[in-house]
Amino acid sequence: MTAALIDGKAEAGLLLDEITHAVENLRAKGQRIPGLAVILVGEDPASQIYVRKKREDCAQVGFTSQAHLLSAQTTQHELLDLIDRLNADDTVDGILVQLPVPQHIDTETVIERISPTKDVDGFHPYNVGRLSLRLPTLRPCTPYGIIHLLDRAGETYKGRHATVVGASNIVGRPMALELLLAGATVTICHRFTRNLRPYVESADILVVGVGKRGIVNSDWIKPGATVIDVGMHRDKSGRVTGDLEFATARERAGKITPVPGGVGPMTRAMLLQNTLSAYTRRQRSPE
Ligand SMILES: Nc1nc2c(c(=O)[nH]1)N[C@@H](CN(C=O)c1ccc(C(=O)N[C@@H](CCC(=O)O)C(=O)O)cc1)CN2
């Protein structure tokens, strides 16, 4: 069997077209345009690329955007001051601090400082709590994008076993929550899981987001399973691959996301979707 590809780039393109259309409507009515503020602390080359791409995405759909590129020596106090100013800025609907931040800055303190109404990453404890209660909220972009891809691929959840490998705040834990809310029976595997193999072998839906190649053996994939690879690794020649050995995984799976062109573009698209949602809610009930 050769799995069908779940084309994240194409799906993201469709979503961006919808958002562009929504912005055109706002413009035609003379209304304010949604705005995103992106903060990068330090000079990590990959983060610089993501921030640049996020701004390009904003330009593509017609959002306003501002980038705050701060030196690696920026203090936590200075960063929190900037967030306070952006929280108070009515032209800003979404605030995002690109992760990871340098070690002298506490990630949780920074995330908690962002107004939950502008937390377009969906990482604030208030928004995570609302998600866990199935209340409308800003949802973490990567799992939100994956659920969107699964829905569009016609996936069903009730009575099915989903295994999520990796328990990070950004991917694994909110992913497990999304799958649980969708009706799947969910297993989360993490660094203390002793024997990964049976959990992978029994998964109808497998999401791998470990950030390390080779932890999940593609030979373990259940024939016909839907496989989502969230990993991203760049080798010396610049080639980008996922956590899984793709050729073997594709032989066993029923549907699979490629890397690149799978989850990554959807993560970026969901950031725009969240910014539009934040804008809409703020227009309805400004703080
Ligand atoms: N504040 C946040 N920080 C980080 C997040 C996040 O969601 N919020 N996620 C990652 C990085 N990330 C977005 O920020 C991200 C990474 C990769 C891609 C992507 O489109 N990847 C492409 C390949 C890219 C390439 O070739 O260079 C793909 O998979 O096709 C999007 C977003 C950590 N930090």
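Residues numbered from 1 in each chain as written. Predicted model: local features only at pLDDT ≥ 70, side-chain atom pairs only at ≥ 80, totals over all residues. Heavy atoms only, no water.

1. Some words on the sheet that holds strand 4 (residues 94-97)
Using the following cut-off: Two strands are said to pair when DSSP picks up at least two bridges between them. Helix and strand assignments follow DSSP, with helices taken as H or I runs no shorter than four residues and strands as E runs no shorter than two, numbered in order from the N terminus. Here, axes are lines fitted to C-alpha atoms. For helices the fit covers the stretch in contact, and angles between N-to-C directions go from 0 to 180 degrees. Between two residues, a contact is recorded if the distance between any of their heavy atoms is within 4.5 Å.
Here three strands make up an open sheet; going across it, the order is 3-2-4 and the pairing parallel. Only two strands of the sheet have a single neighbouring strand rather than two, namely strand 3 (64-70) and strand 4. For this sheet, the mean angle separating the axes of adjacent strands, direction not counted, is 15°. Bridge count between strand 2 (residues 35-41) and strand 3: seven bridges; the pairing is parallel. By the bridge assignment for strand 3, A37 is matched with Q66. Here helix 3 (residues 76-88) sits on the sheet in contact with strand 2, strand 3 and strand 4, set at roughly 180° to strand 2.

2. A closer look at the UniProt feature "domain: Tetrahydrofolate dehydrogenase/cyclohydrolase NAD(P)-binding" (unreviewed entry) in the chain
Convention followed: UniProt positions are given in the numbering used here, feature names are shortened, and annotations may be inferred rather than shown by experiment.
In the UniProt entry, the feature "domain: Tetrahydrofolate dehydrogenase/cyclohydrolase NAD(P)-binding" (unreviewed entry) is given for residues 140-282. Annotation note: span residues 140-282, helix share 38%, strand share 17%, distance between end C-alpha atoms 19 Å.

3. Focus: the side chain of K118
Threshold: Partly exposed describes any residue whose relative accessible area lies between the buried limit of under 20% and the exposed limit of over 50%, with all areas from a 1.4 Å probe on protein chains only and scaled to the type maximum. Counting of polar contacts relies on pairs of N or O atoms within 3.5 Å, with two restrictions inside protein: one atom must be capable of donating a hydrogen and the other of accepting it, and residues adjacent in sequence are counted only when both atoms are side-chain atoms.
The topology assignment puts K118 in the loop between helix 4 (107-113) and helix 5 (125-132). Overall, K118 belongs to the buried group, its relative accessible area being 0%. At a separation of 2.9 Å, a polar atom in the side chain of K118 contacts the main-chain carbonyl oxygen of N87.

4. Comments concerning the site of the ligand
Formally: What makes a residue near a molecule or strand is one non-hydrogen atom of that residue sitting within 4 Å of it. Here, Shrake-Rupley sampling with a 1.4 Å probe gives the accessible areas, and only protein chains in the shown set may cover a residue. Three residue categories are used. Nonpolar comprises Ala, Val, Leu, Ile, Met, Phe, Trp, Tyr, Cys and Pro, charged comprises Asp, Glu, Lys and Arg, and polar comprises the others, including Gly. Where each domain starts and ends follows an automatic or database-derived domain assignment.
Residues in close proximity to the ligand total 18 residues, the closest being K54, V97, D121, R234 and G261. Here an oxygen atom of the ligand sits 2.6 Å away from a polar atom, N or O, in the side chain of K54. Against a free-state accessible area of 690 Å², the protein chains account for coverage of 83% of the ligand. Among the secondary structure elements, those contributing two or more residues to the shell around the ligand are helix 2 (45-61), strand 4 and helix 10 (263-284). Residue contributions to the shell around the ligand peak at four residues, all from helix 10. The residue makeup of the shell around the ligand, split by class, is nine nonpolar, four polar and five charged. Each of domain 1 (30-115) and domain 2 (141-264) gives at least three residues to the shell around the ligand.

5. Comments concerning the pairing of strand 8 (residues 226-229)
Going residue by residue along strand 8, you find T226 and I228 tucked away on one face and V227 and D229 tucked away on the opposite face as well. Two strands pair when backbone bridges link them, and strand 7 (residues 205-208) and strand 8 are joined in this way by four bridges, in the parallel orientation. Bridge pairing in strand 8 places I205 opposite T226. Across two bridges, the pairing between strand 8 and strand 11 (residues 255-256) is parallel. For V227, the partnering residue across the bridge sits in strand 11 and is I256.

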